[in-house]
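Here are the chains, one letter per residue:
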Protein chains: 4
Amino acid sequence: MPILSEGVAPIPWPRGVKCPVVLSFDVDADLLWNVWLTKEPSPIDVSQGIYDIKVGVPRVLAMLKRLGIKATFFIPGSIAERYPDTAKEIAAGGHEIAHHGYLHEDCGKLTREEEREMLRRGSATIKRITGEEPRGARLTLGRTTIANLSDLGFLYESTLMDDDQPYHISVNGKPSRLIELPVCFAFNDTSYFAYTFGLGKPFLTPREVETVYRDEFDAMLREKKYCMYMLHPQIIGRASRLDMLERTVRYMKSKPGVWFATALQVAEFCQTVLP
Amino acid sequence: MPILSEGVAPIPWPRGVKCPVVLSFDVDADLLWNVWLTKEPSPIDVSQGIYDIKVGVPRVLAMLKRLGIKATFFIPGSIAERYPDTAKEIAAGGHEIAHHGYLHEDCGKLTREEEREMLRRGSATIKRITGEEPRGARLTLGRTTIANLSDLGFLYESTLMDDDQPYHISVNGKPSRLIELPVCFAFNDTSYFAYTFGLGKPFLTPREVETVYRDEFDAMLREKKYCMYMLHPQIIGRASRLDMLERTVRYMKSKPGVWFATALQVAEFCQTVLP
Amino acid sequence: MPILSEGVAPIPWPRGVKCPVVLSFDVDADLLWNVWLTKEPSPIDVSQGIYDIKVGVPRVLAMLKRLGIKATFFIPGSIAERYPDTAKEIAAGGHEIAHHGYLHEDCGKLTREEEREMLRRGSATIKRITGEEPRGARLTLGRTTIANLSDLGFLYESTLMDDDQPYHISVNGKPSRLIELPVCFAFNDTSYFAYTFGLGKPFLTPREVETVYRDEFDAMLREKKYCMYMLHPQIIGRASRLDMLERTVRYMKSKPGVWFATALQVAEFCQTVLP
Amino acid sequence: MPILSEGVAPIPWPRGVKCPVVLSFDVDADLLWNVWLTKEPSPIDVSQGIYDIKVGVPRVLAMLKRLGIKATFFIPGSIAERYPDTAKEIAAGGHEIAHHGYLHEDCGKLTREEEREMLRRGSATIKRITGEEPRGARLTLGRTTIANLSDLGFLYESTLMDDDQPYHISVNGKPSRLIELPVCFAFNDTSYFAYTFGLGKPFLTPREVETVYRDEFDAMLREKKYCMYMLHPQIIGRASRLDMLERTVRYMKSKPGVWFATALQVAEFCQTVLP
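Residues numbered from 1 in each chain as written. Chains lettered and ligands numbered in written order. Predicted model: local features only at pLDDT ≥ 70, side-chain atom pairs only at ≥ 80, totals over all residues. Heavy atoms only, no water.

## Quick word on the state of the cysteines
A covalent bond bridging the sulfur atoms of two cysteines is what the word disulfide describes. We count it as follows: Note on terminology: pairs of cysteine sulfur atoms within 2.5 Å are recorded as disulfides.
In total, this model carries 0 disulfides over all chains according to the counting rule given. With no disulfide of its own, C227(A) lies closest to C19(A) among cysteine sulfurs, the gap being 4.0 Å.

## A closer look at the relation of the copies chain D and chain C
Cut-off, in case you're wondering: Copies overlap after least-squares fitting; the atoms used are the C-alpha atoms of residues with pLDDT of at least 70 in both. What makes two residues a contact is simply this: any of their non-hydrogen atoms within 4.5 Å.
With an axial shift of 0.0 Å and an RMSD of 0.0 Å, the rotation relating chain D to chain C amounts to 90 degrees. Taken together, the rotation and translation relating the two chain copies correspond to the operation of a four-fold axis. Considering only C-alpha atoms, the part of chain D nearest the rotation axis is G200(D), at 3.6 Å. Different-surface contact between copies: only 11% of interface residues of chain D are shared with the interface of chain C.

## Some words on the side chain of T196(C)
The cut-off we apply is this: In this text, helices come from DSSP runs of H or I with a minimum length of four residues, and strands from runs of E with a minimum of two, each type numbered from the N-terminal end. Per-residue accessibility, obtained with a 1.4 Å probe over protein chains only, is compared with the maximum for each type, and a residue is labelled buried under 20%, exposed over 50%, and partly exposed between these values.
Along the chain, the position of T196(C) falls in the loop between α7 (190-193) and α8 (206-223). On the basis of relative accessibility, which here comes to 1%, the residue T196(C) falls in the buried class. If near-sequence neighbours (up to four positions away) are discounted, T196(C) is found in contact with W33(C), L37(C), D45(C), Q48(C) and F185(D).

## A few points about the interface of chain A and chain B
Here is the rule we go by: Buried area counts how much accessible surface, traced with a 1.4 Å probe, disappears from two parts once they are put together, with both parts' losses summed. Note on definitions: salt bridges are taken to be side-chain nitrogens of Lys or Arg within 4 Å of carboxyl oxygens of Asp or Glu. Identification of polar contacts relies on pairs of N or O atoms within 3.5 Å, with a donor-acceptor requirement for protein atoms, meaning one able to donate a hydrogen and the other able to accept it, and with residues adjacent in sequence counted only if both atoms are side-chain atoms. Gly falls in the polar group here, along with every residue not listed as nonpolar (Ala, Val, Leu, Ile, Met, Phe, Trp, Tyr, Cys, Pro) or charged (Asp, Glu, Lys, Arg).
Taken together, the 30 residues of chain A in the interface contact 35 residues of chain B. Contact between chain A and chain B buries roughly 2,900 Å² in total, counting both sides, with carbon and sulfur atoms accounting for 58%. Summed over the three residues of chain A that lose the most area to chain B, namely K54(A), Y195(A) and F203(A), the buried surface amounts to 20% of that side. Put simply, chain A and chain B have 8 salt bridges between them. We note a salt bridge from D164(B) to R238(A), for which the minimum N-O separation is 3.4 Å. Counting every contact that joins chain A to chain B gives 9 residue pairs in polar contact (both at pLDDT 80 or more). Listing elements by their share of the side of chain A that touches chain B, those giving two or more residues are α2 (43-67), α8 (206-223) and α10 (239-253) of chain A. Top contributing element to the side of chain A that touches chain B by residue count: α2(A), with 13 residues. Of the residues belonging to the side of chain A that touches chain B, the class tally is 13 nonpolar, 6 polar and 11 charged.

## Some remarks on unusual backbone geometry
The phi dihedral of A29(B) is positive, around 45 degrees, even though this residue is not glycine. The topology assignment puts A29(B) in the loop between β1 (19-26) and α1 (31-36). Here the phi dihedral of K224(D) falls at roughly 55 degrees; this positive angle occurs in a residue that is not glycine. Relative to the helices and strands, K224(D) is located in the loop between α8 (206-223) and β8 (227-231).

## Focus: the interface of chain D and chain C
Taken together, the contact pairs 35 residues of chain D with 30 residues of chain C. Summed over both partners, the interface of chain D with chain C comes to about 2,900 Å²; 58% of that surface belongs to carbon and sulfur atoms. Counting the surface chain D buries against chain C, the share from its top three residues, M161(D), D162(D) and F185(D), is 20%. Our count for the chain D to chain C interface comes out at 8 salt bridges. Residues R59(C) and E223(D) are paired through a salt bridge, measuring 2.9 Å at the closest nitrogen-oxygen approach. Across the chain D-chain C interface, the total number found is 9 residue pairs in polar contact (both at pLDDT 80 or more). Of all the elements in the fold, those that place two or more residues in the side of chain D that touches chain C are α7 (190-193) and α8 of chain D. In terms of residue count, α8(D) provides more of the side of chain D that touches chain C than any other element does, 9 residues in total. Classifying every residue of the side of chain D that touches chain C gives 18 nonpolar, 6 polar and 11 charged.

## Remarks on the pattern of salt bridges
This model, assessed by the stated rule, comprises 82 salt bridges over all chains. Across the salt bridge formed by R112(B) and D151(B), the nearest N and O atoms sit 2.8 Å from each other. Here R112(B) is found in helix α5 (residues 112-130), whereas its partner D151(B) is found in helix α6 (residues 145-151), with 39 residues between them in sequence. Residue classification places R112(B) among the partly exposed positions, given a relative accessible area of 35%. On the accessibility criterion, D151(B) (47% relative accessible area) is partly exposed. Here the salt bridges share partners, and the residues they tie into one network are R59(A), R238(A), D243(A), D164(B), E216(B), R222(B), E223(B) and K225(B).

## What about the relation of the copies chain A and chain B?
For these two chains of identical sequence, chain A goes onto chain B by a turn of 90 degrees and a shift of 0.0 Å along the axis, with RMSD 0.0 Å. In this assembly, only 13% of the residues forming the interface of chain A have copies in chain B that are likewise at the interface, indicating a heterologous arrangement.

## A word on the environment of W36(A)
All names here are of chain A. In this structure, W36 sits in helix α1 (residues 31-36). According to the relative accessible area criterion, W36 is buried, its value standing at 15%. Placed 154 residues apart in sequence, W36 and T190 show a C-alpha to C-alpha distance of 10.0 Å.

## Some details on the packing of aromatic side chains
To keep it simple, the criterion reads: Working definition: rings of Phe, Tyr and Trp (its six-membered ring) pair if their centres are within 6.5 Å, and the pair is stacked with planes under 30 degrees apart, edge-to-face with planes over 60 apart, and tilted otherwise.
Going through the model one piece at a time under the given rule, you end up with 52 aromatic pairs over all chains. Relative to W36(B), the ring of F197(A) has its centre 5.7 Å away and its plane inclined at 90 degrees; by these criteria the two rings are edge-to-face. Placement of the pair is F197(A) in the loop between α7 (190-193) and α8 and W36(B) in helix α1, with the two residues belonging to separate chains. The exposure class of F197(A) is partly exposed, given its relative accessible area of 30%.

## Some remarks on α5(B)
All names here are of chain B. Short version of the rule: Multiplying one less than the number of residues by 1.5 Å gives the expected span of a helix.
In this model α5 runs 27 Å from its N-terminal to its C-terminal C-alpha over 19 residues, within 8% of the 27 Å that 1.5 Å per residue would give. When α5 is considered as a whole, its buried residues turn out to be E115, R116, M118, L119, G122, S123, T125, I126, I129 and T130. Buried residues along α5 sit in contact with β2 (72-75), α3 (77-82), α4 (84-92), β3 (96-99) and α6.

## Focus: helix α8 (residues 206-223) of chain B
A turn of α-helix holds 3.6 residues, and therefore any two residues three or four places apart point the same way. Here α8(B) spans 25 Å end to end across 18 residues, near enough to the 26 Å set by a 1.5 Å rise per residue. Directly beyond the C-terminal end of α8(B), a positive phi value near 55 degrees is found at K224(B).

## Points about the environment of Q48(A)
All names here are of chain A. Secondary-structure assignment places Q48 in helix α2. Using a relative accessible area of 12% as the deciding quantity, one classes Q48 as buried. Separated by 148 residues in sequence, Q48 and T196 have C-alpha atoms that sit 8.9 Å apart. Within the structure, the side chain of Q48 is placed 3.0 Å from the backbone oxygen of Y195, a separation counted as a polar contact.

## Thoughts on the packing of helix α2 (residues 43-67) of chain B against α4(B)
All names here are of chain B. Heads up, the rule is: For helices, the axis comes from a line fit to the C-alpha atoms of the stretch in contact; other axes are also lines fit to C-alpha atoms, and the angle between any two N-to-C directions lies between 0 and 180 degrees. An angle counts as roughly parallel when it lies under 35 degrees, as roughly antiparallel when it exceeds 145, as roughly perpendicular when it falls between 65 and 115, and as oblique in every other case.
One way to put it is that α2 packs onto α4 with a least axis distance of 11 Å and a crossing angle of 5 degrees. With respect to their mutual orientation, α2 and α4 come out roughly parallel. Residues I53, V57 and L61 of α2 form the contact with α4, whose participating residues are T86, E89 and I90. Of the residues in the contact of α2 with α4, the class split is 4 nonpolar, 1 polar and 1 charged.

## Observations concerning the environment of L139(D)
Residues and elements named next belong to chain D. Mapping L139 onto the fold places it in the loop between β4 (136-137) and α6 (145-151). The buried category is assigned to L139, whose relative accessible area is 4%. Separated by 35 residues in the primary sequence, L139 and H104 place their C-alpha atoms 7.4 Å from one another. Discounting chain neighbours no more than four positions away, the residues touching L139 are H99, H100, G101, C107, M118, L119, T145, L149, E157 and T159.

Right under this line is the structure:
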């Protein structure tokens, strides 16, 4: 049997906790396809995005309620503005709403000032609609994004893939207070399921993906790392896929030491123990 | 066990019906490859399309007869003109024939007038050959397509992916009488099986796809939504794939409350109950 | 259980035969990658091609000998010239050698005269090395290829995908004596296994492909059609894949009514019964 | 049951050995993505590369220690320079460190002199950091690479795919002392698992890949060839994948006659027996 990797210090999770699990959902609606496609999204692509609002988010919220889990939703400001009832319903369910840009911007194409303005605008929009300002962000990072997030007092960022557990991210070579909650393609849904005409990429079955979700969780639990699911209601919210996710969550819940938490809860705890 | 998503009103299907299932087939012949490829289709691509006429449609019709199911066939006008015996044989089997453009046009490249002319020409061709004018359409939508379909008295359209059940589609912001019968990539065949040289896309086995068809059907039945299979005789009509579809249909038929209907039957019923 | 499709006349195979099976192998060596890649093949791509000669063909020949099956090998003239021992060893095993161009040309880019010259040169090369002139061909078809093959007295061609059984191919609208032995991606190996850096295409496991080979064979046997495997020793000749093919062949051999034949044997029989 | 292919002379492995197995790991860090992508790697791509250093290599080293296996690590000079502790920790574990260029160069774009300079620089860097000069190399080959490696006294090269066992590679048409240790996509990890946004390529599950690793090993053992796994800690080092590799290694260890060796050990032995 494999044992904990040597040389990587595990985080001392709260008493009784072996492995936090965060279910995070990016509510991109049709902006998803602006990001994925090099051409203008077609009416079909746009309609896939709208599935987020009409079906995906309601189905995900119903599942979370059945399971008694609070999750984290990353919502671009413009989407919250266009669909305020969706944003409010999520917040009313006790879930965290975090920053996801205003238009799902590629920060690599913004100046530091433009980026700062975008960050403020996104936060103000979320606050105006849901009453709470986001404490964390998931962004398409540019050179100044980490510094800007740190300056603006964000607690965490969640985009990078260089570790299996949270860490303090560096700003200009010095560790900052900003915590990175890393993600991976294994706990993603787009890597397996996102699809449209002309998009050459993998397309797996829920039964296949279920084996990866389980195997990767089993390993993270054994190593006392953490699991950050990075999902999209329009993708994972298709019924057969969400059934698969629910089976996976029930499997994870059956294991002692698993803590279903929001990204914010994990980041706040890490702030107390990370060097 | 998952339950019906909250916040989405299910359609009150006819007494005893929990879930309508529509088997729809796009008979594109070689036009399929004009749509899928950015280069000129090769003789091999064209021959894949001709498989529609020589093998795919006959094999599908034989299966439908064995199963006692009436289906909906979307046929471009020019294909019905080129292969009138195929179109007539389909109609003679009691199946619905619906509009699929004249040349499988991308309506986004037509003016409103050109589109209207194309719609009239496609309808007239189908009527001349089969004796019945199409009541529904599946088109590569442009800005004016919904308005044109509504003006010309069509009952339904079936291309979009923003819901798991039919709804009244809006024209210029106002709900119209036109009903959308949404589709999805899960109940498609090209997403899994379409393949030719140089086409970078998924290619799955029938055994894998069978799990998706079943899981997604199980969920739609449980949620009392509907299933719109969007298939192509040249793709699903390969023998090992059609055997898989037949196993799936026999599985679905074994469940109480499943109504195998044409798209037209579903649309006509929806017109009586949709708000 | 599915039954024979209506409307497609099955070929009256010889007494006791329900389904001929042809194992055909394209020995393209590095020319395979000139065809598949839009860029110049790298040394790695070229070395994949040479695997054909060093490992693929010997392993395939050993398997055919174990199984007591005669197969058909399509060899470009220039490859037979470069590797005459390989061509001779194949011929010495009693297998058919057929025409595969001189340089695996795309006939769509040749004039009718250039194509005729290429056909003569390929035939002469094969005859000079193996002592037998090819009677059949598998070519990347252009507008004049079928007419040229017919004029030059070829018996069959094997590239198209419009049927599940042989038929007389038309030349300028009139049926000719030339027989088409159609192929498909289901009984191919490149569709599942061909891979190199930068080539975005499916890549399946032998266990997955085995299910398709079996399911498709089962259906062809039931329908009394035929099976034309279109394989490449450098692809299917990888050991774990060839083990899978051998399991498949042993499965097929266990069924009554299966006739393992060369393409030439099938074409010669078809000439006696096809209208 | 398949037997040893005829016509390919097996290497007379040491007494009691039926099949050597080499686990080789390319430690490319973010340079992997410079090679795979045609665009500039994004921060996410770079972070995937850093996973090599933070998680992948430590997890792989821990596994090798548990299993008592010495492996071969191919490390670009610039990566060893940037992460000297990683290189030293690998060497301290008794593993072989081999040449992988200085910047993972495409040798096809270097002059013979530039290439020679790159080879010397890479060797000197590895020697300075780990104390040992590399004896073997894995490079993106150009026209002069084999000659240069031979002139500089390297013992082996490991990039090509034209055989299932080692052989003496030719320089300008004459066999040299340089031994090729061929690789294949079946025993690779990137072919199955490498993935990032916009990269259209296969993406399989560990459970699927496990079947290929086993089937291909079973065949190589039966044929008395050899197994050269070509892996990347940032790819195979994801926990669920490394668990799969560990299961595979334990399976292989359970078979009599399997020799887990470094690439250098295999090359040194081959030098004594190859013609």
